[in-house]
Amino acid sequence: PANNDLRLVDIDDDGVNRAFREDVLQGLSEEQKAIPARWLYDDAGSQLFEDITDLAEYYPTRAETEILRERGSEFAEAIGPGRAVVEFGSGSSVKTPLLLNQIEPAAYVPLDISGDFLRAAADALGRKFPDLPVYPVEADFMRRVELPEAVADMPHLGFFPGSTIGNMVPRTAVDLLRTMRETLGEGSMLLIGMDLVKDPKVLEAAYDDGKGVTGEFNLNLARRINRELGGTIPVEHLRHEARWNDDFARVEMHLVAQADLDFEVAGKRFTMSAGETIHTENSHKFTRRSSHTLLLAGGWTPVARWLDSAEQFSLILAEA
Ligand code: AVI
């Protein structure tokens with residue numbers, strides 16, 4: 001149930017990440033073992049995710065970038081000039097300049113929980129757009145954020161690309177959309193990427209690529225547990241699996257035990273029978289209707305929707 005929640009990072013006295021340990025111990029104790037997907041992103045995991053975005057099978061990044069490149073004049077028309085663009089989780093993305101280039105923004109406010117990412121993103125943007133005021137804010141965007149005074153009176157555009165919303169279960173996604181609405185305020189707009197339901201073969205390939213990069217990304221979580229929590233998980237006996245769950249319209253990542261396993265984490269003993277899995281990620285996929293329903297439940301009214309030429313991915317503009 002707590003799977004795919006994003007919360008503040010919390011380091012205790014002995015340098016162990018307390019929230020990580022609690023999530024892992026709790027998650028491994030459940031009937032269906034499950035660990036929240038946010039723990040996939042340590043340094044190694046973040047690098048592996050960057051590598052995933054270049055893979056032939058992983059279409060979402062290319063599809064969304066195509067929309068941003070090709071449909072800019074339509075965005076500009078629908079959004080209008082003079083907005084402060086507030087990016088939720090500003091990573092190191094190439095997508096932001098594509099948007100900023102088109103819409104004549106008044107300011108750019110990258111929000112990120114990681115100060116390092118934030119400074120890197122702000123510096124890169126500052127070089128590309130020397131005349132654009134940039135106000136980085138180090139914050140957990142799962143909670144309401146106080147925007148900088150300088151942009152308080154401007155109309156806001158939230159930007160949440162990548163279909164990251166799909167990594168949350170609907171209840172958490174709705175909470176986040178409502179929180180974003182509180183952060184951005186009346187009269188604001190939101191431009192959000194949402195990946196589309198499609199042939200399960202295409203989806204499973206996107207999450208189980210031929211080079212095994214996604215497998216490494218998933219297995220890195222078990223390695224991280226061993227590294228940071230004194231774990232003895234026999235990683236060589238786990239296999240990466242991507243599964244389409246049609247009832248919930250999501251791709252799930254699992255680590256499947258290849259034998260009966262017996263291991264320790266943070267001094268506690270766990271067992272897995274051969275074939276049993278640890279569920280490590282959900283990536284929900286949307287239809288036109290399900291994306292609109294989710295946005296409406298979160299307090300946003302969809303006003304425009306763009307797809308890439310292969311109709312694999314959607315970017316939706318909504319208003320508060
Ligand atoms: C970050 N997020 C949108 C990616 C996705 O597609 O759900 C994470 C990912 N997991 C495996 N491949 C990519």
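Whatever comes next refers back to the structure up there.
Scoring rules and cut-offs
- Residues numbered from 1 in each chain as written.
- Predicted model: local features only at pLDDT ≥ 70, side-chain atom pairs only at ≥ 80, totals over all residues.
- Heavy atoms only, no water.
- Core = buried A, V, L, I, M, F, W, Y, C linked by side-chain atoms within 4.5 Å.
- Buried < 20%, exposed > 50% of the residue type's maximum accessible area, 1.4 Å probe, protein only.
- Helix = DSSP H or I, 4+ residues; strand = E, 2+ residues; numbered from the N terminus.
- Pairing = 2+ DSSP bridges.
- Contact = heavy atoms within 4.5 Å.
- Axes fitted to C-alpha atoms, helices over the stretch in contact; angles between N-to-C directions.
- Polar contact = N/O pair within 3.5 Å; in protein donor to acceptor, adjacent residues only side chain to side chain.
- Near = heavy atom within 4 Å.
- Nonpolar A, V, L, I, M, F, W, Y, C, P; charged D, E, K, R; others polar.
- Expected span 1.5 Å × (residues − 1).
- Salt bridge = Lys/Arg side-chain N within 4 Å of Asp/Glu carboxyl O.

Peer 1: It is not clear to me how the nonpolar core should be interpreted in this structure. Could you clarify?
Peer 2: Generally speaking, a soluble globular protein has its nonpolar side chains buried in company with each other. The biggest cluster of nonpolar side chains holds 39 residues, and the ones touching the most others in it are Val24, Leu28, Ile35, Ile225, Phe263 and Val265. For this core, the elements supplying multiple residues, two or more each, are α1 (18–29), α2 (43–52), α8 (200–206), α9 (213–228), β7 (238–245), β8 (250–257), β9 (261–265) and β10 (268–272). For this core, the element with the most residues is α9, which contributes 6 residues. Listed in part, the 31 residues of the second largest apolar core include Met142, Ile165, Ile192 and Leu294.

Peer 1: Quick question: what am I supposed to make of the sheet that holds β8 here?
Peer 2: Hydrogen bonding along the main chain pairs the strands of a sheet, whether they run parallel or antiparallel. Spatially, the 4 strands line up as an open sheet ordered β1-β11-β8-β7, and their pairing is mixed. The sheet is open, and its two edges are formed by β1 (33–34) and β7, each paired on a single side. In this structure, β1 lies alongside strand β11 (residues 277–284), joined through 2 bridges in parallel fashion. Looking at the pairing, Ala34 lines up with His279 of β11. Strands in contact with α9 are β7, β8 and β11; relative to β8, the strand with the most contacts, it is inclined by about 60°.

Peer 1: Please clarify how the sheet that holds strand β13 (residues 313–319) should be interpreted in this entry.
Peer 2: The strand order across the open sheet formed by 7 strands is β4-β3-β2-β5-β6-β13-β12, and the pairing between neighbours is mixed. The outermost strands of the open sheet, each flanked by one partner alone, are β4 (137–138) and β12 (301–307). As paired elements, strand β5 (residues 156–160) and strand β6 (residues 189–195) share 4 bridges and run parallel to each other. Each residue of the ladder has a partner; that of Phe159, found in β6, is Leu191. Seen against the sheet, helix α5 (residues 95–103) touches β2 (84–88), β3 (107–112), β5 and β6 and runs at an angle of roughly 150° to β5.

Peer 1: Explain the side chain of Thr214 here, please?
Peer 2: As for its position among the elements, Thr214 is in helix α9. The exposure class of Thr214 is buried, given its relative accessible area of 2%. Reaching out from Thr214, the side chain makes a polar contact with the side chain of Asp209 at a distance of 2.6 Å. Beyond its immediate stretch of four places on either side in the chain, Thr214 contacts Ile52, Leu55, Ala206, Tyr207, Asp209, His240 and Met253.

Peer 1: Hey, could you run me through the site of the ligand in this one?
Peer 2: Around the ligand, the surrounding shell holds 14 residues, and the nearest of these are Tyr58, Asn167, Tyr207, Glu281 and Ser283. Contact between the ligand and Tyr58: an oxygen atom at 2.5 Å from a side-chain N or O atom of the residue. Between the ligand and Asn167, the relevant distance is 2.8 Å, taken from a nitrogen atom to a side-chain nitrogen or oxygen of the residue. Secondary structure elements with two or more residues in the shell around the ligand: α2, α9 and β11. Residue composition of the shell around the ligand, by class: 7 nonpolar, 6 polar and 1 charged.

Peer 1: Would you take a moment to explain helix α7 (residues 170–184) for this structure?
Peer 2: Since the α-helix turns once every 3.6 residues, residues separated by three or four places project in the same direction. For α7, with 15 residues, the first-to-last C-alpha span of 21 Å sits near the 21 Å given by 1.5 Å per residue. Of the residues making up α7, those classed as buried are Thr172, Ala173, Val174, Leu176, Leu177, Thr179, Met180, Thr183 and Leu184. Buried positions along α7 lie against β2, β5, β6 and α10 (288–297). With its phi angle positive at about 90°, Gly185 sits one or two positions after the end of α7.

Peer 1: Could you clarify how one ought to interpret the pattern of salt bridges in this entry?
Peer 2: Where charged atoms from two side chains of opposite charge come close, those side chains can pair. Within this structure, the stated rule accounts for 16 salt bridges. With its nearest N and O atoms 2.8 Å apart, the salt bridge here joins Asp42 to Arg227. Taken together, the residues Asp42 in the loop between β1 and α2 and Arg227 in helix α9 connect sequence positions 185 residues apart. Between Glu228 and Arg224 there is a salt bridge, and its shortest N-O distance comes to 3.0 Å. Of this pair, Glu228 and Arg224 both sit in helix α9, 4 residues apart, which is roughly one turn of that helix.

The values reported here are purely geometric and, on their own, carry no functional implication.
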